Amino acid sequence: MTVEEKAADGLIEGLCRAGFTAYRVGGAVRDRLLGYPAHDVDVATDAPPQAVRELFPNTYSVGESFGVIIVHTPEGVDVEVATFRKDSEYADGRHPKEVGFSDSATDARRRDFTINAFFYDPRRVVVLDYTGGMADLRGGVVRAVGEAEGRFREDHLRMLRAVRFAAALGFSLETETEAALRRQAAAIKRISSERVMQELTRMLTGCRPAYALRMLEEYGLLEAVLPEVAGLRGVEQPPQFHPEGDVWKHTLLMLEKMAMPDPVLAWSVLLHDIGKPLTHEYTDGRDRFPNHAPRGAEATGEILKRLKASSRWVEDTMAAVENHMNFMHVTQMRKSTLRRLLARPTFPLELELHRLDCAASHAKLDGYCYLLDKLAELADQPQLPPPLVNGHDLLAMGQKPGPKIGELLKWIEDLQLNGELEDREQALGRLRDFIEEEKASSGEGIDD
Ligand code: ATP
Ligand code: MG
C-alpha cells in the first residue's frame, strides 16, 4: 500500500466511525486494479463538506460548492474528500450549472469513464462497480459512462482525457465513445488553452506519447488544437537522410524513443521540425527546407504562447528548435564554436533532442558520441573561461566606442577558446598590434 492509500484509508475509517459511508474513488482504484501503485488517492463520501471539516482538524477548501474538501492527514499527505454528487445541466461545455449531493451510485454516473468510476471499500475489501468498469478494464477499452455523445457535449475536455487515458494504459476507445468523439472533436476549441495545454503535456510526458498523437490526429482533435502539427503529415523529405518517411512519421518515431521526458524536451521533440512545412521547396532533384530551424523557432513561440505555456518553457523550447540543425556538423566545428555550444544553458536538452533526431532517422550517432567525448574532456574546466580582456581595455588603447569593440572582443574570445592565447598579456598584445596596424594603414582610428 502506498502512503497516499494509507492516508486515504485513515480518513475513510474516521468518516465511517462517525456514521458516514466513504470509499477510495476514481483513478486510484483503477490503477490499483491494474497493478500500478496509486499515488493520487481521492475519497468520496456521503458526509456533507461541513461534516468533513468538523471531523478533521486540518482541512482547506478548494471547491466547497462542488463538495470538495482537502484534508491534510497525519501522514503528511493531502487527500481530496468529495461528497457524492449529482451534476445538473452543463453550462459552458465544461462546468455544471449546479451540483447537488447524492449517493454513490448517482456519483458514479456523473464520472467520465467507466474505468474511472470505481469505488473501493477498504474495510470490506470490495470494489463497487456501478457502470461496468471491470469488464472494460479487462477488455482494455475507455468507455464513456452513459451516453457518450451527451457526456462529451456537456464537458468537451473529456475528449482529451479519453485519449490521455487510452494512451497511458495502452487501451482503445470503445466504438460508441470513439464515434461520438470524432463527431464532436472540433468543440475542443471551446476549452481554455491552459487546460488543453495541461492535457497535451500529460500525454506527451506520459507513456505512449506517439500513440496519443496518432489518436489525436485520427479523431480530428489535433487539427483543432495544434493544426501546425497536423500539417506535418505528408511533408516528404529526402530518403537518404530520412529513410523512416515524412516529417510526421519522423516526429512520431522520436516521440516513441523518448524516455521519461520533461515537458520542455517533449514539446521540443514535437515542434522541432514545425518549420519544415513552412519552408519546403523542391530544388535540384530533392526536397529542401532552407532555414527551417529559425522559422520553426518562431512558429514554436507562437504555438506555445497561444497555449499559455510559461515564458521559461517558451524560451527554452524555442532555443532548442532554433539550434537543432547546428548539431548536424559538430565534428567539423571549430573549437571556439563547440565550446560556445557546450556552454549554452539549454545544451543538455538540445543534446537529447539531437540524439532522438538521429535515432529516429539515419540512426548514426557519431556527432552525439563526439559531443559526449568533448563533454568528458572538458568536465573539469569551467564551461566558458573568464574573458581575458574587456571593452575598457580597448577604450584605454584609444579604440573609439562602437560596434567594432564587440567584434574585436569576439575575435579575442575565439582565439582564447581555440587555445591560441595563453593569458591576458598575450591578448592585450594581439589587440595592440591590430590597432597599430589599422592606424598605420588608415592614418587614424579603426572605427570607420
Ligand atoms: P489521473 O490522476 O491519473 O489523471 P484520475 O482518474 O485520478 O487519473 P483525475 O483528473 O485526478 O483523474 O480525476 C479524479 C476522478 O474524477 C476521475 O477518475 C473521474 O472519476 C472524475 N473526473 C475527473 N474529471 C472529470 C470530468 N471532466 N468529467 C467527469 N468526471 C471526471
Ligand atoms: Mg487523479
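Each chain has its residues counted from 1, following the order in which its sequence is written. Note on labels: chains are lettered from A, ligands numbered from 1, in written order. Residues qualify for local features only when their pLDDT is at least 70, as the model is predicted, and side-chain atom pairs are given and counted only at 80 or more; totals for whole chains, interfaces and linings, by contrast, use all residues. Just so you know, side-chain values use all the structure's heavy atoms and leave hydrogens and water out.

1. Regarding the overall build of the protein chain
- In terms of regular secondary structure, the protein chain is built from 23 helices and 13 strands.
- Relative to the compact-globule value of 22 Å for 448 residues, the protein chain shows a C-alpha radius of gyration of 29 Å, a clear excess of over 25%.
- Burial classes follow relative accessibility: with a 1.4 Å probe on protein chains only, a residue under 20% of its type's maximum area counts as buried, one over 50% as exposed, and anything between as partly exposed. Sorting the 448 residues of the protein chain into buried and exposed places 50% on the buried side.
- Taking all contacts inside the protein chain whose residues are at least 6 apart in sequence as the whole, residues at least 24 apart take part in 63%.
- The accessible surface values rely on the Shrake-Rupley method and a 1.4 Å probe; as for residues, cover is taken only from the protein chains in view. Accessible area for the protein chain stands at about 21,400 Å²; split by element, carbon and sulfur atoms hold 51% of it.
- Only four residue types enter the charge count: Lys and Arg as positive, Asp and Glu as negative, with His and the chain ends excluded. For the purpose of locating charges, the reference atoms are NZ of Lys, CZ of Arg, CG of Asp and CD of Glu. Computing the positive centroid from 56 side-chain charges and the negative centroid from 72, the protein chain places the two 4 Å apart. Strands are runs of DSSP state E lasting at least two residues, helices are runs of H or I lasting at least four, and both sets are numbered from the N terminus onward. All radius of gyration figures rest on C-alpha atoms, and the globule criterion is 2.2 Å times the number of residues raised to 0.38. Pairs of residues are marked as contacts when any of their non-hydrogen atoms sit within 4.5 Å.

2. What to know about the environment of Val163
- Locating Val163 in the fold gives a position in helix α7 (residues 157–169).
- Dropping the residues within four chain positions of it, Val163 is found in contact with Met203, Ala212, Met215, Leu216, Tyr219 and Leu221.

3. Here's the deal with the pairing of strand β1 (residues 22–25)
- Burial along β1 is two-sided: Ala22 and Arg24 facing one way and Tyr23 and Val25 facing the other are all buried.
- Two strands qualify as a pair provided that DSSP identifies no fewer than 2 bridges between them. Here β1 pairs with strand β2 (residues 42–45) via 4 bridges, running antiparallel. The residue bridging Tyr23 from the neighbouring strand is Ala44, located in β2.
- With 2 bridges connecting them, β1 and strand β8 (residues 118–121) associate as antiparallel partners. Note on β8: the bridge partner recorded for Arg24 is Tyr120.

4. As for the sheet that holds strand β5 (residues 78–83)
- Spatially, the 7 strands line up as an open sheet ordered β3-β4-β5-β2-β1-β8-β9, and their pairing is mixed. Where the open sheet ends on each side, the last strands, each with one partner, are β3 (59–63) and β9 (126–129). On average, each strand axis in the sheet is inclined to that of its neighbour by 35°, with strand direction left out of account.
- Note on geometry: axes are C-alpha line fits, over the in-contact stretch for helices, and angles between N-to-C directions span 0 to 180 degrees. Across the sheet, helix α1 (residues 3–17) is in contact with β1, β2, β4 (68–72) and β5; its angle to β1 comes to roughly 155°.

5. A few points about the packing of aromatic side chains
- Note on aromatic contacts: the rings of Phe and Tyr and the six-membered ring of Trp form a pair at centre separations within 6.5 Å, being stacked when their planes are under 30 degrees apart, edge-to-face when over 60 apart, and tilted otherwise. For the structure shown, the criterion picks out 7 aromatic pairs.
- Ring centres of Phe84 and Phe119 lie 5.9 Å apart, and the angle between their planes is 85°; this geometry places the pair in the edge-to-face category. Of this pair, Phe84 sits in the loop between β5 and β6 (85–87) while Phe119 sits in strand β8, and the two are 35 residues apart along the sequence.
- The buried category is assigned to Phe84, whose relative accessible area is 2%.

6. Some remarks on the side chain of His156
- Mapped onto the elements, His156 comes out in the loop between α6 (148–154) and α7.
- Judged by its relative accessible area of 3%, His156 is buried.
- Identification of polar contacts relies on pairs of N or O atoms within 3.5 Å, with a donor-acceptor requirement for protein atoms, meaning one able to donate a hydrogen and the other able to accept it, and with residues adjacent in sequence counted only if both atoms are side-chain atoms. One polar contact links the side chain of His156 to the main-chain carbonyl oxygen of Phe152, over a distance of 3.0 Å.
- In contact with His156, not counting residues within four places along its chain, are Gly93, Ala187, Ile188, Arg190 and Ile191.

7. Things to note about the state of the cysteines
- Pairs of cysteine sulfur atoms within 2.5 Å are identified as disulfides in what follows. The full count for this structure, using the stated rule, is 0 disulfides.
- Cys358 forms no disulfide, and the closest cysteine sulfur to it belongs to Cys369, at a distance of 9.6 Å.

8. A word on the domain arrangement of the protein chain
- Per the domain assignment, the segments making up the protein chain are domain 1 (1–139), domain 2 (227–377) and domain 3 (391–442).
- Domain 1 and domain 2 are separated by 43 Å when their C-alpha centres are compared. Domain start and end points were adopted from an automatic or database domain assignment.

9. Remarks on the nonpolar core
- Ranked by size, the top nonpolar core spans 72 residues in total, and within it Leu213, Leu226, Val229 and Trp267 carry the most contacts.
- Looking at which element gives the most residues to this core, the answer is α7, with 9 residues.
- Summarising the domain contributions, this core has at least three residues from each of domain 1 (1–139) and domain 2 (227–377).
- For Val229, the residues in contact, after removing those within four places along its chain, are Leu213, Leu222, Trp248, Leu270, Leu271 and Ile274.
- Take the buried residues of types Ala, Val, Leu, Ile, Met, Phe, Trp, Tyr and Cys, join any two whose side-chain atoms come within 4.5 Å, and each joined set is a nonpolar core. Core analysis: the second largest hydrophobic core is formed by 20 residues, Ala7, Leu11, Ile69 and Val79 among them.

10. Some remarks on the site of ligand 1
- If you check the shell around ligand 1, you find 16 residues, and the closest are Asn116, Asp155, Arg158, Arg161 and Arg164.
- Note that a nitrogen atom of ligand 1 is positioned 2.8 Å from one of the side-chain N or O atoms of Asp155.
- Within the complex, the protein chains bury 79% of what would otherwise be the 580 Å² of accessible surface of ligand 1.
- Those elements that provide at least two residues to the shell around ligand 1 are α2 (27–34) and α7.
- Sort the elements by how many residues they give to the shell around ligand 1 and α7 lands first, with 4 residues.
- Three classes are used: nonpolar for Ala, Val, Leu, Ile, Met, Phe, Trp, Tyr, Cys and Pro, charged for Asp, Glu, Lys and Arg, and polar for all others, with Gly counted as polar. Split by residue class, the shell around ligand 1 holds 1 nonpolar, 3 polar and 12 charged. The rule for a residue being near a molecule or strand is that one of its heavy atoms must lie within 4 Å of it.

11. Here we look at helix α8 (residues 175–184)
- Within α8 the residues assigned to the buried category are Thr177, Ala180, Leu181 and Gln184. Looking down the long axis of α8, one finds its buried residues gathered within 100° of arc, a one-sided arrangement. α8 presents Thr175 and Arg183 as exposed residues on the side facing more than 90 degrees away from its buried surface.
- As for α8, its buried residues are in contact with β10 (141–142), α6, α7, β11 (172–173), α10 (209–219) and α11 (221–225).
- For α8, the N-terminal cap is Glu174; the gap from its side-chain oxygen to the backbone nitrogen of Glu176 is 3.0 Å. In this context, the arc is that of the directions from the helix axis out to the C-beta atoms.

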